[in-house]
Amino acid sequence: MDRIANVAAGGEEKAPIIIKKINKGGEGHHGGAWKVAYADFVTAMMAFFLLLWLLNVTTAEQKMGIADYFSPASASKQTSGAGGVLGGTTVTVSGSLANSSSPAGLTVPVPTLQGAANSEEQTEDMQESSSGKPTEQDATGKGAGEKEGGWTAIDTVNGMAKLAAAGETASADKNRDGKVDEKELREALAKHEQTQFAKAEAELRQAIQQIPELRDLAKNLVIENTPEGLRIQLIDQEGYSMFPSASAKMLPQTAQLLSQVAQVVAKLPNKLSISGHTDSTPFSAGSSYGNWELSTDRANASRRALEASGVANDRFESVVGRSDRDHLFKDDPNSPRNRRISIVLLRENPLRGQVPAGGPAGAGQGAASPAPAANPPPARPGVTPAPSAVGTSR
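Residues numbered from 1 in each chain as written. Predicted model: local features only at pLDDT ≥ 70, side-chain atom pairs only at ≥ 80, totals over all residues. Heavy atoms only, no water.

**Overview of the nonpolar core**
One recurring pattern in soluble globular proteins is that nonpolar side chains are buried together. Among the nonpolar cores identified, the biggest contains 33 residues, and Leu204, Ile232, Leu306 and Ile343 are the most heavily contacted of them. Secondary structure elements with two or more residues in this core: helix 8 (182-210), strand 1 (221-225), strand 2 (229-235), helix 10 (252-265), strand 3 (272-277), helix 11 (291-308) and strand 5 (340-346). The greatest single-element share of this core, amounting to six residues, is contributed by helix 10. With sequence-adjacent residues up to four places away left out, Leu204 is seen in contact with Leu221, Ile223, Ile232, Gln260, Val261 and Val264. If you look at the next biggest cluster of nonpolar residues, it comprises seven residues, including Met160, Leu163, Leu185 and Leu189. (Core = buried A, V, L, I, M, F, W, Y, C linked by side-chain atoms within 4.5 Å. Buried < 20%, exposed > 50% of the residue type's maximum accessible area, 1.4 Å probe, protein only. Helix = DSSP H or I, 4+ residues; strand = E, 2+ residues; numbered from the N terminus. Contact = heavy atoms within 4.5 Å.)

**Concerning the packing of helix 10 against helix 11**
A pair of packed helices is characterised by two quantities: the angle between their axes and the separation of those axes. Packing of helix 10 against helix 11 leaves a shortest axis separation of 8 Å and a crossing angle of 60°. As the angle between them shows, helix 10 and helix 11 are arranged oblique. Seen from above, helix 10 lies across helix 11 with right-handed handedness. Residues Leu258, Val261 and Ala262 of helix 10 lie in contact with helix 11, whose contacting residues are Ser302, Ala305 and Leu306. For the contact of helix 10 with helix 11, a count of residues per class yields five nonpolar, one polar and no charged. (Axes fitted to C-alpha atoms, helices over the stretch in contact; angles between N-to-C directions. Parallel < 35°, antiparallel > 145°, perpendicular 65-115°, else oblique. Left-handed = near helix turned anticlockwise from the far one by under 90°. Nonpolar A, V, L, I, M, F, W, Y, C, P; charged D, E, K, R; others polar.)

**Let's talk about the packing of helix 6 (residues 153-166) against helix 8**
Running from N to C, helix 6 and helix 8 point in directions that differ by 50°, and their axes come no closer than 10 Å. Comparing their axes, helix 8 and helix 6 come out oblique. Between helix 6 and helix 8 lies a crossing of left-handed hand. Contact with helix 6, carried on its side by Thr156, Gly159, Met160, Lys162, Leu163 and Ala166, involves Leu185, Ala188, Leu189 and His192 of helix 8 and no other residues of that element.

**Describing the environment of Ile211**
Along the polypeptide, Ile211 turns up in the loop between helix 8 and helix 9 (212-215). Residue Ile211 is classed as buried on the basis of its relative accessible area of 16%. Taking C-alpha positions, Ile211 is 9.9 Å from Gln256, a pair spaced 45 residues apart along the chain. Residues contacting Ile211, with those up to four places away along its chain left out, are Gln256 and Gln260.

**Quick notes on the sheet that holds strand 4 (residues 316-321)**
Here five strands make up an open sheet; going across it, the order is 1-2-5-3-4 and the pairing mixed. Here the strands that pair on one side only, and so sit at the sheet edges, are strand 1 and strand 4. The average undirected angle you get between the axes of adjacent strands in this sheet is 15°. Alignment of strand 3 against strand 4, held across five bridges, turns out to be parallel. Considered in strand 4, the bridge of Ser275 is made with Val320. The strands that helix 11 touches are strand 3, strand 4 and strand 5; relative to strand 4, the one it contacts most, it runs at about 150°. (Pairing = 2+ DSSP bridges.)

**Overview of the pattern of salt bridges**
Side chains that differ in charge, positive against negative, can pair when their charged atoms come close. All told, the structure shown has 10 salt bridges when counted by the stated rule. One salt-bridge network, held together by shared partners, links Arg322, Asp326, Lys330 and Arg340. (Salt bridge = Lys/Arg side-chain N within 4 Å of Asp/Glu carboxyl O.)

**Side note on helix 11**
Helix length check: helix 11, at 18 residues, gives a terminal C-alpha distance of 25 Å against a target of 26 Å (1.5 Å per residue), a fit within 8%. Within helix 11 the residues assigned to the buried category are Asn291, Leu294, Ser295, Arg298, Ala299, Ala301, Ser302, Arg303, Ala305 and Leu306. Of the residues one or two after helix 11, Gly310 is the one with positive phi, at around 115°. (Expected span 1.5 Å × (residues − 1).)

**Observations regarding unusual backbone geometry**
The phi angle of most residues is negative, glycine excepted, and most peptide bonds adopt the trans form. The phi dihedral of Ala246 is positive, around 60°, even though this residue is not glycine. With respect to the secondary-structure elements, Ala246 resides in the loop between strand 2 and helix 10. Although it is not a glycine, Ser323 sits at a positive phi angle of roughly 55°. Mapped onto the secondary structure, Ser323 falls in the loop between strand 4 and strand 5.

**Examining the packing of aromatic side chains**
Scanning the model with the defined rule gives two aromatic pairs in all. Geometrically, the ring pair formed by Phe48 and Phe49 is edge-to-face, given 5.5 Å between the ring centres and 65° between the ring planes. Since its relative accessible area comes to 44%, Phe48 is described here as partly exposed. The ring of Phe329 carries the charged tip of Arg337 above its face, separated from the ring centre by 4.5 Å. (Phe/Tyr/Trp six-rings, centres within 6.5 Å; stacked < 30°, edge-to-face > 60°. Lys NZ or Arg CZ within 6 Å of the ring centre and 35° of its normal.)

The structure is reproduced here in structure tokens:
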């Protein structure tokens, strides 16, 4: 009634003021799932950069060995039981069980420290080996890291990688026991190397026949298999020499021939040995330059020519001058065919038994030595032969 009376009397009623207070609470917790995703990302990046680093510091053969290690030598067509990837064969050598219904993978035995009765003794031997101290195995000549003839575990891995690259891994297992032992590996590598030598010889001869300027020099090229390796010889002939008389500056045709030799040998990994040879034609008495210097200079000139044509410098094992100490025709020391440059592709894997037949493939090497000349050839132009009492140097 009072309110109505106030309105009737002209009074104004004030509206009530309402204050609304809203208490804002904190946002909900998102959890730590992002941390797991971030950790996975960082781990993946670390693995990626580690992979890039390994690709940069390893050689092609090491990459092939790693790839061959993680891939089975033969994949089974079966899908269950003993027909799995390993075909019922364990990854170790001893105690392996092979299943006759599936092909067994090739297993390469890795040398281990022998003579250690427990893990503590093995650890001590490994520490002594790494510090350079002789171990018990070293004293007996049966080191852990080396086999007979300097064969190491690294050689085994590299050898298997080389055979895998050539597709000859399966054929290396001669006795079909599911693994390639050291003997089989050595024989397979030697056979592979001999095949490469045969290809190099055929390629070199074909290249010479295809170049008109070098066809006439085919008789000056003698290629033969030796226990040391594949020997390529550039031999002087009657009326034609590889070098001018008493000079180590080779003729243009000789340089072109060496260029063809370089293109062939550059494709192989073998080391090279170069030797220079002269006949017994003497220099003048009292000369400071003789056949030793001449043969050495010619051998070194040949090395420079090969290097200029693409053969790496670290491929050269030796460059020597033999003077007239190793004649090709011993019955005729003054024969021009005793003057030659010998380039040998050294074997990395020696052949078991005799060197394959084939012999020299060039000018009369297999024939009997010619009879000595009736009159000895004159000395080098401008020089006088040494007195017979002193002997000759070429």
